[in-house]
Amino acid sequence: MSLKSKSRRQQWLMLSPAILGLSLIVILPFFLSIWFSFTDQRLVPRPIPTQVVGFRNYERILTDDEFWQAVGNTVLFAVLVVPFQLAISLGAAMILNSKLRLRAALRTVAILPLLLPMTVIVAIWAVLYRIPNGPFNAVFQLFAGSGNYVDWLGSSSTAMVAIVVLSAWATFPYQMLIYLAGLQDIAEELYEAARIDGATRWQQFWNVTWPGLRNVNIFLLIITTIGALKLFTQIAILTRGGPNGSTTTIIYYLFKEGYQTQKVGFASAVAVMFFLAVTAIALLQRKIFKNEEET
Amino acid sequence: MATLSSTRPSRFTMLSAGILFVGVVAPLMMAITISLNPDEQRILVDMGTWRAFIPTVISGQNYVEVWTDPVHPFLRYLFNTTFITLTTLILSILINSMAAFVLAQGTVGGRKLLIAIILATLVVPAESLVLPQLIMASRAGIIDSYEVQILPGVANAMAIFLFYQFFSRLPRDLIEAARVDGFSFFQIYRHIAMPLSKPVVSAIAVLQFLEIWNSYLWPVMVTRGPEVRPLSVAMSAYFGTNQAAWGNIMAFAVSMAIPVILFFLLLQKQFIASVVSSGVKG
């Protein structure tokens, strides 16, 4: 019996650092976030005590045009980047899954963007997008004539698209590797059978590859969407939400209100809504795919 | 190892492979080319031409300037990032594996509930917790320190989950035999479970390494000066204050990228396996 209780004490000792850590780093902040969202909590303590303000933060956020612009931009970013990036990732994975010579070397090269810190990628792309004669503008001038250029990051009609292309480049290898593993799980016999039936490459893709990637697609759709909704670093360094708020995102808005303007209570309400939205989207996407499976 | 087609790759595949290669390599070549050119005027003139992608001058001047800049001590930043990353990884692997072993093989009550709670915390986006974490950190007086950058990464629900999955599948007989031989619970973990868990350790190391190496939002909020600032924040500060000096900015960027690329080339197999294992759980 004493042996058992000794083992039990050992087990609690082994368990406690992680449990304590998670409580302090995730669980306590999570509930604090909810609590702060109903108060006028500031970042730096003030002489006036913090007060409970009920739903006032939520009311103010929901009537703030800048917030809705941030929501709109974030949704636009996700809607653009998710299909674009997944298409690139799948295409790249299919190339790497073909009988290409040097494909191991190509895979190593293709992974490189994933390894580069986002801050490094942002600096490189700032050069690519540079006005008046960065590489993108040099290509543009081939068509539009010299002297013409586009301020890719500095005009509100192109800034978000420029961020989309940069972001897809920065993180596509992650999805590519997962697609590649998915492609390798599809049995070669299925392709052989399809070829015997006279299926073209295009038909093989739609009838063998695409259905075979179903679960991978669900997983990648969910995590890529959630990743897209967290867009921050690129914005904070390159555009600071501009021009005219055209690249403000939810997390950037949260950072600006909570950290720069120090309105923690207000920004916590943004955080709570963000958490609810992310959870809802994940559940919704899962449910849509489940229903599709049943019908 | 199925491949899409048993025939040789089509022209379309070869062309796409070429586009993929150029698309990834061209921006990197540009960064290297610019970093090797000490003449800022020349860099601006060459920017829209092929000379921006293939080095015509090779000079280490920008690198020397970046590494010896007293305002932005690059080597200090490199040390900071390396120290923060390694410490977080070691602590994370230690405490998360211990907890996971108890959850998978232990006898204490409430394990099911704890696992459910740990899995639930995975849903919470870290970005939505930064403000209360910041207030807690400033109350604790650890702003602008290494601790404040290390502690948030140590207890990690994803790491617990990956270890838990692995430890749950250890054969019962193995554990039982060790117990009969007089091993205590901790000794079974230390001498039997951990030595077997190398693949999980490397998966977690790679995933967390990328996460910490890339983290920006948290370090930008909790660091003030160069003493404890990591490379990612330093890079953006450097970029923000030296907008005209592209040669130096690119030398900074390349210097920052090289350690992680070397690390990757050494551990490429584990790296790919880790990314895939993070995906399989879905």
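Rules used in this analysis
- Residues numbered from 1 in each chain as written.
- Chains lettered and ligands numbered in written order.
- Predicted model: local features only at pLDDT ≥ 70, side-chain atom pairs only at ≥ 80, totals over all residues.
- Heavy atoms only, no water.
- Domains from an automatic or database assignment.
- Buried area = accessible area lost by both parts, 1.4 Å probe.
- Salt bridge = Lys/Arg side-chain N within 4 Å of Asp/Glu carboxyl O.
- Polar contact = N/O pair within 3.5 Å; in protein donor to acceptor, adjacent residues only side chain to side chain.
- Helix = DSSP H or I, 4+ residues; strand = E, 2+ residues; numbered from the N terminus.
- Nonpolar A, V, L, I, M, F, W, Y, C, P; charged D, E, K, R; others polar.
- Contact = heavy atoms within 4.5 Å.
- Axes fitted to C-alpha atoms, helices over the stretch in contact; angles between N-to-C directions.
- Parallel < 35°, antiparallel > 145°, perpendicular 65-115°, else oblique.
- Left-handed = near helix turned anticlockwise from the far one by under 90°.
- pLDDT = per-residue confidence, 0-100.
- Patch = residues over 30% accessible without salt bridge, like charges linked within 9 Å, V, L, I, M, F, W, Y side chains within 5 Å.
- Areas by Shrake-Rupley, 256 points an atom, 1.4 Å probe, with all protein chains shown as cover.
- Buried < 20%, exposed > 50% of the residue type's maximum accessible area, 1.4 Å probe, protein only.

K.L.:
Would you explain the domain arrangement of chain B in this entry?
P.N.:
Many descriptions give the size of an interface as the accessible area lost when the pieces come together. Residues and elements named next belong to chain B. Along its sequence, chain B is carved into domain 1 (13-59) and domain 2 (74-280). Taking only C-alpha atoms into account, the centre of domain 1 sits 34 Å from that of domain 2. By the criterion of area lost to domain 2, the three top residues of domain 1 are Ala-31, Ser-35 and Glu-40, representing 59% of everything that side buries. At the surface where domain 1 touches domain 2, the tally comes to zero salt bridges. At the boundary of domain 1 with domain 2, the tally comes to two residue pairs in polar contact (both at pLDDT 80 or more). Sort the elements by how many residues they give to the side of domain 1 that touches domain 2 and helix H1 (residues 11-35) lands first, with four residues. Here the residues of the side of domain 1 that touches domain 2 are counted per class, giving six nonpolar, two polar and one charged.

K.L.:
Please clarify how the interface of chain A and chain B should be interpreted in this entry.
P.N.:
Counting residues at the interface gives 94 residues for chain A and 98 residues for chain B. In total, about 8300 Å² of surface goes out of reach between chain A and chain B, with carbon and sulfur atoms giving 77% of it. Summed over the three residues of chain A that lose the most area to chain B, namely A:Gln11, A:Met14 and A:Leu115, the buried surface amounts to 9% of that side. Run the count over chain A and chain B and you get one salt bridge. The salt bridge involving B:Glu127 is made with A:Lys230; its shortest N-O contact spans 3.7 Å. Applying the counting criterion to the chain A and chain B interface returns 13 residue pairs in polar contact (both at pLDDT 80 or more).

K.L.:
Is there a simple way to think about the packing of helix H4 (residues 74-105) of chain B against helix H10 (residues 185-196) of chain B in this case?
P.N.:
Packed helices, taken two at a time, are described by the angle their axes make and the gap between the axes. All names here are of chain B. At a minimum axis separation of 11 Å, H4 and H10 run at an interaxial angle of 110 degrees. When the axes of H4 and H10 are compared, the pair comes out roughly perpendicular. Where H4 crosses over H10, the two elements pack in a sense that is right-handed. For the pair H4 and H10, contact is made by Ile-93, Leu-94, Ser-97, Met-98, Phe-101, Val-102 and Gln-105 and by Phe-185, Phe-186, Ile-188, Tyr-189, Ala-193 and Met-194, respectively. For the contact of H4 with H10, a count of residues per class yields 11 nonpolar, two polar and no charged.

K.L.:
I would appreciate a short explanation of the confidence of the model for chain A in the present structure.
P.N.:
Should pLDDT be low for a region, the predicted coordinates there are not to be read in detail. Considering every residue of chain A, the mean pLDDT works out to 88; 97% of them sit at 70 or more. Within chain A, helix H6 (residues 135-144) of chain A has the poorest average pLDDT of any element, 82, and helix H3 (residues 65-96) of chain A the best, 94.

K.L.:
Would you mind going over the environment of B:Leu129 with me for this structure?
P.N.:
Looking at the element boundaries, B:Leu129 is found in the loop between helix H5 (111-121) and helix H6 (130-139). Once you skip the residues sitting within four places of it in the chain, B:Leu129 turns out to touch A:Ile25, A:Val26, A:Pro29, A:Phe30 and B:Val124.

K.L.:
Mind showing me how you'd approach a nonpolar patch on the surface here?
P.N.:
Taken together, the side chains of A:Leu20, A:Leu24 and A:Leu28 define a hydrophobic patch exposed on the protein surface, amounting to about 270 Å² of accessible area. Under the relative-accessibility criterion, A:Leu20 is labelled exposed at 56%.

K.L.:
Got a minute to help me understand the side chain of B:Ser255 in this structure?
P.N.:
All names here are of chain B. Structurally, the position occupied by Ser-255 is in helix H14 (residues 246-266). Exposure remark for Ser-255: the relative accessible area of 8% places this residue in the buried category. A distance of 2.6 Å separates the side chain of Ser-255 from the backbone oxygen of Ala-251, its partner in a polar contact. Dropping the residues within four chain positions of it, Ser-255 is found in contact with Tyr-63, Trp-67 and Phe-74.

K.L.:
Teacher, can you tell me more about the domain arrangement of chain A here?
P.N.:
Taken as a whole, chain A is organised into domain 1 (1-34) and domain 2 (65-294). The centre of domain 1 of chain A, based on its C-alpha atoms, is set 37 Å off from the matching centre of domain 2 of chain A.

K.L.:
What exactly am I supposed to notice about the confidence of the model for chain B here?
P.N.:
On average, residues of chain B score 87 in pLDDT, and 95% of them reach the 70 mark or higher. Here residues 1-6 of chain B scores under 50 on pLDDT; set against residues more than four positions off or in separate chains, the count is 22 contacts.

K.L.:
Help me out: how do you make sense of the pattern of salt bridges in this one?
P.N.:
Where charged atoms of side chains with opposite charge meet at close range, the side chains can pair. Following the criterion strictly, the structure yields six salt bridges over all chains and no others. Here A:Glu66 makes a salt bridge to A:Lys256, at a shortest N to O gap of 2.5 Å. Separated by 190 residues along the polypeptide, A:Glu66 in helix H3 and A:Lys256 in helix H12 (residues 250-260) bring together distant segments of the chain. Accessibility expressed as a relative area gives 22% for A:Lys256, which makes it partly exposed. Measuring nitrogen to oxygen at the nearest pair gives 3.4 Å for the salt bridge that ties B:Arg179 to B:Glu176.

K.L.:
What exactly am I supposed to notice about the packing of helix H9 (residues 172-180) of chain B against H10(B) here?
P.N.:
Residue and element names in this part refer to chain B. Running from N to C, H9 and H10 point in directions that differ by 140 degrees, and their axes come no closer than 10 Å. Considering the angle they form, H9 stands oblique to H10. Crossing handedness for the pair H9 and H10: right-handed. On the side of H9, the interface is formed by Leu-174, Ile-175, Ala-178 and Arg-179, while H10 contributes Phe-185, Ile-188, Ile-192 and Leu-196. Grouping the constituent residues of the contact of H9 with H10 by class yields seven nonpolar, no polar and one charged.

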